Amino acid sequence: MSTTKHRVSIVTGASRGAGMGIAIALGSFGDTVYITGRSVKDGDSSLPGTIYATADAVNEAGGKAIPLVCDHADDKNVEEVFKQIQKDHGRLDILVNNATHLPEGLTEPAPFWKKSLNQVDILNVGLRSHYVSSYFAAPLLIANGKGLVVNTSSYGGRIYAHGPAYGAGKAGADKMAHDMAIDFQPFNVAVISLWLGLLQTERTKRAMAADSDQYTAMKDAMETPEFSGLVIDALSKDPEIMTKTGQVFLGAELAQSYGILDINGNAPPSQREHFGDTTTFGEAVIY
């Protein structure tokens, strides 16, 4: 077991997109970053990216990447990931719950009953899987003496976006972060739901190529996938982090408060003016 005190992080669903960017950003601060995903070779997904390509990018950024093949629909697979971290380090600093299932047809402008029934799979990988990863990570975070859990989320938890399955998944991730924070509070582990902006991911680039007019006006407001990782790093280092636990935050606004720019030098804007306030929850606690 390693005795060197350095930050140990895990980013789930990091073959591409937000997960890949977050992993690279954390690696740039010297983290050991565990990367999970199902894509191990080109063609495993309709989009480019593999856990090994992400691992190479994390190493190149200055981190130490450990890619682990994991199907987050399989609880046993997830348990094995955290057993590996226990064996290697016996502790964990950061868990980023990012793994999700985004079914084909998600963004089609149609009522939910006109879409395939597998839209609801986002409640399995993307909501339930966040719970399962947090469940197995909890002893490692507690053993560390402090920690951070981040659920990547979006305005879909507050507004209509892509239909009720997507919305329920994001709203559930937000509420899960709030409630887990209460359980983790005595152990100095913070739990945050982080709303990401429109990201420059492989999926978005594909959508832009298909309908460039729709995205032209949003180009300047887009965030790189690494941007969210810079925000998560700052959260992890925030000495007042426990005052933020259990809350929903806009990544762009946290970045502003921490003085963080995106890797391209931009300062992505908050979307609060367009979509409204972040979700807040009641203060009562019933055991």
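You'll find the structure just up there.
How each quantity is defined
Here the residue numbering is sequential within each chain, running from 1 through the sequence in written order. Given that this is a predicted model, residues contribute local features only at a pLDDT of at least 70 and side-chain atom pairs are listed and counted only at 80 or more, while totals for whole chains, interfaces and linings are drawn from all residues. Hydrogens and water are ignored here; the side-chain numbers use all heavy atoms of the structure. Going along the chain from the N terminus, every DSSP run of H or I of four or more residues is numbered as a helix, and every run of E of two or more is numbered as a strand. Polar contact criterion, stated in full: a pair of N or O atoms within 3.5 Å, where within protein one must be able to donate a hydrogen and the other to accept it, and residues adjacent in sequence count only if both atoms are side-chain atoms. The contact rule is simple, with two residues in contact once any of their heavy atoms fall within 4.5 Å. Structural elements are reduced to axes, namely lines fitted to C-alpha atoms, with helices fitted over the stretch in contact, and the angle between N-to-C directions of any two is expressed from 0 to 180 degrees. Angular relationships are summarised with four words: roughly parallel below 35 degrees, roughly antiparallel beyond 145, roughly perpendicular across 65 to 115, and oblique for the angles in between. Should the near helix be turned anticlockwise from the far one by less than a right angle, the crossing is termed left-handed; should it be turned clockwise, right-handed. Nonpolar residues are Ala, Val, Leu, Ile, Met, Phe, Trp, Tyr, Cys and Pro. Charged residues are Asp, Glu, Lys and Arg, and all others, Gly as well, are polar. A patch consists of residues whose relative accessible area exceeds 30% and which take part in no salt bridge; residues with like charges are grouped when within 9 Å of each other, and nonpolar side chains (Val, Leu, Ile, Met, Phe, Trp, Tyr) when within 5 Å. In this description, accessible areas are obtained by the Shrake-Rupley approach with a 1.4 Å probe, and a residue is regarded as covered only by the protein chains that are shown. Salt bridge, as applied in this entry: a Lys or Arg side-chain nitrogen positioned within 4 Å of an Asp or Glu carboxyl oxygen. Any residue under 20% of the maximum accessible area for its type is buried, any over 50% is exposed, and the rest in between are partly exposed; the area is computed with a 1.4 Å probe on protein chains only.

**Student:** Explain the side chain of E223 residue by residue, including any values.
**Tutor:** Tracing the chain through its elements places E223 in the loop between α7 (212-216) and α8 (225-237). Side-chain polar atoms of E223 contact the backbone nitrogen of G197, separated by 3.2 Å. When sequence neighbours within four positions are dropped, the list of residues in contact with E223 reads L196, G197, L198, L199, Q200, S228, A252, D262 and P268.

**Student:** Report on the packing of helix α1 (residues 17-27) against α8, specifying residues and quantitative values.
**Tutor:** With their axes 7 Å apart at the nearest point, α1 and α8 run at an angle of 50° to one another. Between α1 and α8, the angle falls in the class oblique. Along this stretch, α1 crosses α8, giving a crossing that reads as right-handed. The residues of α8 that touch α1, namely those facing G17, A18, G21, I22, I24, A25 and L26, are P225, E226, S228, G229, L230, I232 and D233. Residue composition of the contact of α1 with α8, by class: eight nonpolar, four polar and two charged.

**Student:** Give me a nonpolar patch on the surface: which residues, what numbers.
**Tutor:** Taken together, the side chains of V40, Y52 and V69 define a hydrophobic patch exposed on the protein surface, amounting to about 240 Å² of accessible area. On the secondary structure map, Y52 appears in helix α2 (residues 51-61). Residue classification places Y52 among the partly exposed residues on the basis of a relative accessible area of 39%.

**Student:** Outline the pattern of salt bridges, supporting the account with residue identities and numerical values.
**Tutor:** Scanning all chains against the criterion turns up eleven salt bridges. Its salt-bridge partner being R7, residue D31 comes within 2.8 Å of it at the nearest N-O pair. One end of the pair, D31, is in the loop between α1 and β2 (32-37); the other, R7, is in the segment before β1 (8-11), with 24 residues separating them in the sequence. The exposure class assigned to R7 is buried, which follows from its relative accessible area of 13%. In this structure, the salt-bridge partner of R128 is D75, at a minimum N-O distance of 2.8 Å. Here R128 is found in helix α4 (residues 124-144), whereas its partner D75 is found in helix α3 (residues 75-88), with 53 residues between them in sequence.

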